[in-house]
Amino acid sequence: MSTTAVPTTAVPTASGSGSAATDKFKGHRVSSDTSPERAAAIYKDVLTKLSEVIYQHEVTYDEYRVLKQWLINVGEGGEWPLWLDVFLEHFVEDSNSRIFTGTKGSIEGPYYVPDAPNLGAKGTMPMREDEKGTLLVFKGQVRDLDGAGIEGATVELWHADSDGYYSQFDDGLGIPEWNLRGTFSTDVEGGFEITTIQPAPYQIPHDGPTGEFIASYDGHPWRPAHLHLKVTAPGKRLITTQLYFQGGEWVEDDVAGAVKPELILAPEPGADGVDEVVYDFVLDPVSEARYVA
Ligand code: MBD
Ligand code: FE
């Protein structure tokens, strides 16, 4: 492959965290009510665009075989959830969220797990006694489009630890099952207050075929420090999003292309010296508007 210097800090291996992500994904049945006509149109267009690239670059037989081997390797390494969520998901998210006016969404990524412990409206994320990192108080309100606070809205938060590991995708390190994963329910005013640690910038696992792909275009495997969230309430559209930190490394150059200017936090020390930040979520009503031209 190329000679690009990739950072050497210990990070989860691509096959370890990749297989865990693949197994988790396979554990949920997925389906879509796509019509056969729509499916056919999409498949045909994909092939047409690929053929255009082949003719444009006069892709050789050797190149075709290298591609074939690479695709096999991605699958065998369990890296499809990783590669797809890093390189394609942001297009799907962006293209589907344009008609909504509430809080901006962002990609889910490969490391979400449902049913994290419920901690009420105010609580501290499950973490180890010696959890590394700076404390962060993250609070706000969940509202509807008219500005009314929503009681009983659900805020799910998950993020990596200071070494870039997500619990349940930790390559056998023994991180507690629900470490840095929590579910919160808003109070009567729609408020929530979460104490956690500030995550660090994050390198996606790059010791496998996804890493080769990145090196081949002289890229880097970094994502800015981020919090993952899912926020919803009865009758409201679920938003899956991420929040970033102002001035943080890689905010301007995320390998996953998932940063939006509306999703950047600027924590400040509060009265007790602990970093604090307020972020409010606005939820669109559930809409039946799908595939609308
Ligand atoms: C992550 O933590 C992540 O958020 C994405 C999008 C891809 C890989 C790892
Ligand atoms: Fe992530």
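- Per an unreviewed UniProt entry, the recorded name for the protein is Catechol 1,2-dioxygenase, and the organism is Dietzia psychralcaliphila.
- If you open the UniProt record of the protein and go to Cofactor (unreviewed entry), you find "Fe(3+)".
- Per its UniProt entry, the protein bears the Sequence similarities (unreviewed entry) comment "Belongs to the intradiol ring-cleavage dioxygenase family."

**Description of the coordination of the iron ion (ligand 2)**
Move 1: The iron ion (ligand 2) binds to the protein through Tyr-166 (OH), His-226 (NE2) and His-228 (NE2), with metal-donor distances spanning 1.9 to 2.1 Å.
Move 2: Each donor residue of the iron ion (ligand 2) belongs to the same chain, and together they define the spacing Y-x59-H-x1-H. Like His-228, His-226 is buried.

**A word on the packing of aromatic side chains**
When we look at a pair of aromatic rings, we describe it by the centre distance and by the angle of the planes.
Move 1: Under the counting rule described, the total for this entry stands at 19 aromatic pairs.
Move 2: Between Tyr-61 and Tyr-64 the ring centres are 6.1 Å apart and the planes differ by 80°, which places this aromatic pair in the edge-to-face class. One end of the pair, Tyr-61, and the other, Tyr-64, are both in helix H3 (residues 61–76), 3 residues apart, so they sit about a helical turn from each other.
Move 3: Considering the side-chain rings of Tyr-279 and Phe-281, the 5.2 Å spacing of their centres and the 65° angle between planes classify their relative orientation as edge-to-face.
Move 4: On the accessibility criterion, Tyr-279 (12% relative accessible area) is buried.
Move 5: A connected cluster of aromatic rings, assembled from ring pairs, spans Trp-70, Trp-80, Trp-83, Phe-87, Phe-213 and Tyr-217.
Move 6: A cation sits over an aromatic face here: Lys-24 above Phe-169, 5.1 Å from the ring centre.
Move 7: When the ring centre of Tyr-112 is taken as reference, the NZ or CZ atom of Lys-230 above it lies at 4.6 Å.

**Considering helix H2 (residues 36–57)**
Given 3.6 residues per helical turn, the α-helix brings residues three or four places apart onto the same face.
Move 1: The first and last C-alpha atoms of H2 sit 32 Å apart over 22 residues, in line with the 32 Å expected at 1.5 Å per residue.
Move 2: A positive phi of about 45° marks Glu-58, the residue just after H2.

**Observations concerning the environment of Gly-140**
Move 1: The topology assignment puts Gly-140 in strand S2 (residues 135–144).
Move 2: Along the chain, Gly-140 and Gly-191 lie 51 residues apart, while their C-alpha atoms are 5.6 Å from each other.
Move 3: Each residue touching Gly-140, except ones within four places of it in the same chain, is listed here: Gly-190, Gly-191, Phe-192, Val-278, Tyr-279 and Asp-280.

**Re the nonpolar core**
Move 1: One finds Phe-138, Val-142, Leu-229, Leu-243 and Phe-281 to be the most contacted residues of the largest nonpolar core, which totals 49 residues.
Move 2: Among the elements of the structure, H3, helix H4 (80–87), S2, strand S3 (154–158), strand S5 (191–197), strand S8 (227–232), strand S9 (239–245) and strand S13 (281–283) are those that each provide at least two residues to this core.
Move 3: Residues within four places of Phe-281 in sequence aside, it is in contact with Thr-103, Phe-138, Gln-141, Val-142, Arg-143, Phe-192, Leu-229, Val-231, Ile-239, Thr-241 and Leu-243.

**Side note on the pairing of strand S12 (residues 275–278)**
The side chains of a regular strand alternate between both faces of the sheet.
Move 1: Burial of the side chains of S12 is restricted to one face: Asp-275 and Val-277 are buried, whereas none of Glu-276 and Val-278 on the reverse face is.
Move 2: Two strands pair when backbone bridges link them, and S2 and S12 are joined in this way by 4 bridges, in the parallel orientation. Residue pairing across strands places Phe-138 opposite Val-277, the latter belonging to S12.
Move 3: Where strand S11 (residues 268–269) and S12 come together, 2 bridges link them in antiparallel fashion. Among the inter-strand pairings, Pro-269 is bridged to a residue of S12, identified as Asp-275.

What counts, and where the lines are drawn
Residues numbered from 1 in each chain as written. Chains lettered and ligands numbered in written order. Predicted model: local features only at pLDDT ≥ 70, side-chain atom pairs only at ≥ 80, totals over all residues. Heavy atoms only, no water. UniProt positions renumbered as here; feature names shortened; annotations may be inferred. Donors = N, O, S within 2.8 Å, 3.2 Å for Na, K, Ca; no water. Buried < 20%, exposed > 50% of the residue type's maximum accessible area, 1.4 Å probe, protein only. Phe/Tyr/Trp six-rings, centres within 6.5 Å; stacked < 30°, edge-to-face > 60°. Helix = DSSP H or I, 4+ residues; strand = E, 2+ residues; numbered from the N terminus. Lys NZ or Arg CZ within 6 Å of the ring centre and 35° of its normal. Expected span 1.5 Å × (residues − 1). Contact = heavy atoms within 4.5 Å. Core = buried A, V, L, I, M, F, W, Y, C linked by side-chain atoms within 4.5 Å. Pairing = 2+ DSSP bridges.

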